[in-house]
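Overview (structure and organization)
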Amino acid sequence: MTQRPQLRLDRLRFVLFIIALLFMPRLAGAEASAPDIGVPPSHLVEPEPEVIGEPRTKRIYVGVYLRDISDFDLNKGSFHADLDLWLKWLGPEEVPELELVNAEISKREEISRENDGNWRSVRWHIQGKFRDQFPLHDFPFDQQRLSLRFSHPKGGAELKADLAGSGVNAAFSATGWVFEPAFQIEKAFVTHHSDFGAIKTEGKPLHIQELSFVLRLKRPFASYLVKFVIPLAIIFLMACLVFWIPPGALEVRSSMGVTAVLSCIAFHFTQADSLPDV
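All of these numbers come straight from a predicted model, not from anything done at the bench. (Residues numbered from 1 in each chain as written. Predicted model: local features only at pLDDT ≥ 70, side-chain atom pairs only at ≥ 80, totals over all residues. Heavy atoms only, no water.)

1. Some remarks on the overall build of the chain
Note the following rule: To qualify as a helix, a DSSP run of H or I must reach at least 4 residues; to qualify as a strand, a run of E must reach at least 2; elements of each kind are numbered from the N terminus. The contact definition used throughout considers only heavy atoms, calling two residues in contact when any of these lie within 4.5 Å. Note on areas: Shrake-Rupley, 1.4 Å probe, and residue coverage restricted to the protein chains presented here.
Broken down by element type, the chain carries three helices and 11 strands. Reading the chain from its N terminus to its C terminus gives the helix and strand order α-β-β-β-β-β-β-β-β-β-β-β-α-α. The contacts of the chain with a sequence gap of at least 6 include a subset with a gap of at least 24, amounting to 68%. Surface summary for the chain: the accessible area is close to 19500 Å², and the carbon and sulfur share equals 59%.

Written out as structure tokens, the structure reads:
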């Protein structure tokens, strides 16, 4: 009687052994293929190192305070600006790359540099010559824009305008122009189809992001009316008096006509420097 239970136990062990042999290859195959489908077994996963230190710079805040503008020349397409420029960013102490696209800098002096935790800021006093396009198709009803353009490589940190601190000096004035003392912000992405001699990005175009602080100017029509239209209207009316002079007074009529023409020519020479080349 004692041999029969022992026999049953041996048969059960044999069946379990056969089942283990059948399912073992499948389990081994699933374990081997796990890394190929992107979900490795838990014992093969290496824990990611904990990042300790300064965070990566994601945004660069650019601020501008315009002190003065001089030598505004429509014909040459340039103006001189005196301004304060500052950057704020969250990240390492290294100052982010920033380029003044349309400027020829004559003076760049660092005024201050501050740190508050991982927040950084730096401020410069800048003087230089800036270039822009000033279309005159709508003269004398044209509106011009003075832009300060900054660029940063695309794919790096995002350029943002620090509007809370940016502004224009209250004593600032542009002779012969009317303007609102506030900047308008424009942002654009520009592609240059050149690698500019770079090795890492050889053969690839350069993508940059631009941030512009724009000050819009409007030409006052009243001054144009007083300086140009009214004087010409007076000369024209004097020339029209010829039609009320008797035909027999030929010398008087001819002299008034010639005088009106000479007055127009002289007026043109006196105002030539004030008129743009339209």
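2. Quick look at the nonpolar core
Side chains of a nonpolar character, in soluble globular proteins, are inclined to be buried together. This is how it is decided: For this analysis, a nonpolar core means a set of buried residues of the types Ala, Val, Leu, Ile, Met, Phe, Trp, Tyr and Cys, connected via side-chain atoms within 4.5 Å. Relative accessibility thresholds used throughout: buried, under 20% of the residue-type maximum; exposed, over 50%; partly exposed, between the two (1.4 Å probe, protein chains only).
One finds Val62, Leu83, Leu85 and Phe150 to be the most contacted residues of the largest nonpolar core, which totals 36 residues. Ranked by residue count, the leading element in this core is strand β2 (residues 78-90), at six residues. Beyond its immediate sequence surroundings of up to four residues, Leu85 is in contact with Val62, Gly63, Val64, Leu98, Leu100, Val122, Arg123, Trp124, Ile126 and Phe150.

3. A look at the packing of aromatic side chains
To keep it simple, the criterion reads: A pair of aromatic rings is counted whenever rings of Phe, Tyr or Trp (Trp by its six-membered ring) have centres within 6.5 Å, and the orientation is called stacked for planes under 30 degrees apart, edge-to-face for over 60 and tilted otherwise. Over a ring means this: the NZ of a Lys or the CZ of an Arg is within 6 Å of the ring centre and within 35 degrees of the ring normal.
Considering all chains together, one arrives at six aromatic pairs under this definition. When the ring of Tyr61 is compared with that of Trp119, the centres are 6.4 Å apart and the planes differ by 40 degrees; the resulting orientation is tilted. Of this pair, Tyr61 sits in strand β1 (residues 59-73) while Trp119 sits in strand β5 (residues 119-131); the two residues are 58 residues apart in sequence, bridging distant segments of the chain. What makes Tyr61 partly exposed here is its relative accessible area of 27%. Taken together, a centroid distance of 5.1 Å and an interplanar angle of 80 degrees make the contact between Phe72 and Phe134 edge-to-face. With Phe72 in strand β1 and Phe134 in the loop between β5 and β6 (143-153), this pair connects stretches of sequence that are 62 residues apart. An aromatic cluster of at least three residues, connected via ring pairs, comprises Phe72, Phe134 and Trp177. Between the NZ or CZ atom of Arg108 and the centre of the ring of Trp124, over which it lies, the distance is 4.5 Å.

4. Looking at the pattern of salt bridges
The condition is simple: Each salt bridge in this description consists of a side-chain nitrogen of Lys or Arg and a carboxyl oxygen of Asp or Glu lying within 4 Å of one another.
All chains considered together, the criterion is met by 13 salt bridges. For Arg120, the salt bridge identified is with Glu93, shortest N-O distance 3.8 Å. Residue Arg120 is located in strand β5, and its partner Glu93 is located in the loop between β2 and β3 (99-100); the two are separated by 27 residues in the primary sequence. For Arg145, the salt bridge identified is with Glu186, shortest N-O distance 2.9 Å. Residue Arg145 is located in strand β6, and its partner Glu186 is located in strand β10 (residues 184-192); the two are separated by 41 residues in the primary sequence.

5. A look at the packing of helix α2 (residues 221-240) against helix α3 (residues 250-271)
Rule in force here: With axes taken as lines fitted to C-alpha atoms, and helix axes fitted only over the stretch in contact, angles between N-to-C directions fall between 0 and 180 degrees. An angle below 35 degrees is read as roughly parallel, one above 145 as roughly antiparallel, one from 65 to 115 as roughly perpendicular, and any other as oblique. Classes in brief: Ala, Val, Leu, Ile, Met, Phe, Trp, Tyr, Cys and Pro nonpolar; Asp, Glu, Lys and Arg charged; the others, Gly included, polar.
Across the interface, α2 lies against α3 with an axial gap of 9 Å and an inter-helix angle of 170 degrees. As summarised for this structure, α2 and α3 are arranged roughly antiparallel, according to the angle between their axes. Across the interface between the two elements, Lys227, Phe228, Pro231, Leu232, Ile235, Met238 and Ala239 of α2 pack against Met256, Ala260, Ser263, Cys264, Phe267 and Gln271 of α3. Among the residues forming the contact of α2 with α3, the class breakdown is 10 nonpolar, two polar and one charged.

6. Notes on a nonpolar patch on the surface
The line we're drawing: Patch building starts from residues that exceed 30% relative accessible area and form no salt bridge, then joins like charges within 9 Å and nonpolar side chains (Val, Leu, Ile, Met, Phe, Trp, Tyr) within 5 Å.
On the surface, a cluster of nonpolar side chains totalling about 1200 Å² of accessible area is made up of Phe141, Phe221, Leu225, Val226, Val229, Ile230, Ile234, Met238, Leu241, Phe243 and Trp244. Tracing the backbone shows Ile230 in helix α2. For Ile230, a relative accessible area of 40% puts it in the partly exposed group.

7. Brief notes about α3
Applicable threshold: In this analysis, the expected span of each helix is defined as 1.5 Å times one less than the number of residues it contains. Summarising the geometry, the arc corresponds to the directions from the helix axis toward the C-beta atoms.
In this model, α3 (22 residues) spans 32 Å end to end at C-alpha, consistent with the 32 Å of a helix rising 1.5 Å per residue. Within the sequence span of α3, burial applies to Ala260, Phe267 and Gln271. Mapping the buried residues of α3 onto a view down its axis gives an arc of 40 degrees, with all of them on the same face. Residues of α3 that are exposed and point more than 90 degrees away from the buried face comprise Leu250, Glu251, Leu262 and Phe269.

8. Focus on the side chain of Glu210
Quick reminder of the rule: Counted as a polar contact is a pair of N or O atoms within 3.5 Å, where, for protein atoms, one must be capable of donating a hydrogen and the other of accepting one, and residues adjacent in sequence contribute only when both atoms are in side chains.
Mapped onto the elements of the fold, Glu210 is located in strand β11 (residues 206-218). A polar side-chain atom of Glu210 sits 3.2 Å from a polar atom in the side chain of Arg149. Apart from residues lying up to four places away in sequence, Glu210 is in contact with Val101, Arg149, Phe150, Ser151, Glu186, Lys187, Ala188 and Val190.

9. Details of unusual backbone geometry
Of note, Asp71 is a non-glycine position whose phi angle comes to about 55 degrees, a positive value. Locating Asp71 in the fold gives a position in strand β1. The class of Asp71 is exposed, set by a relative accessible area of 54%.

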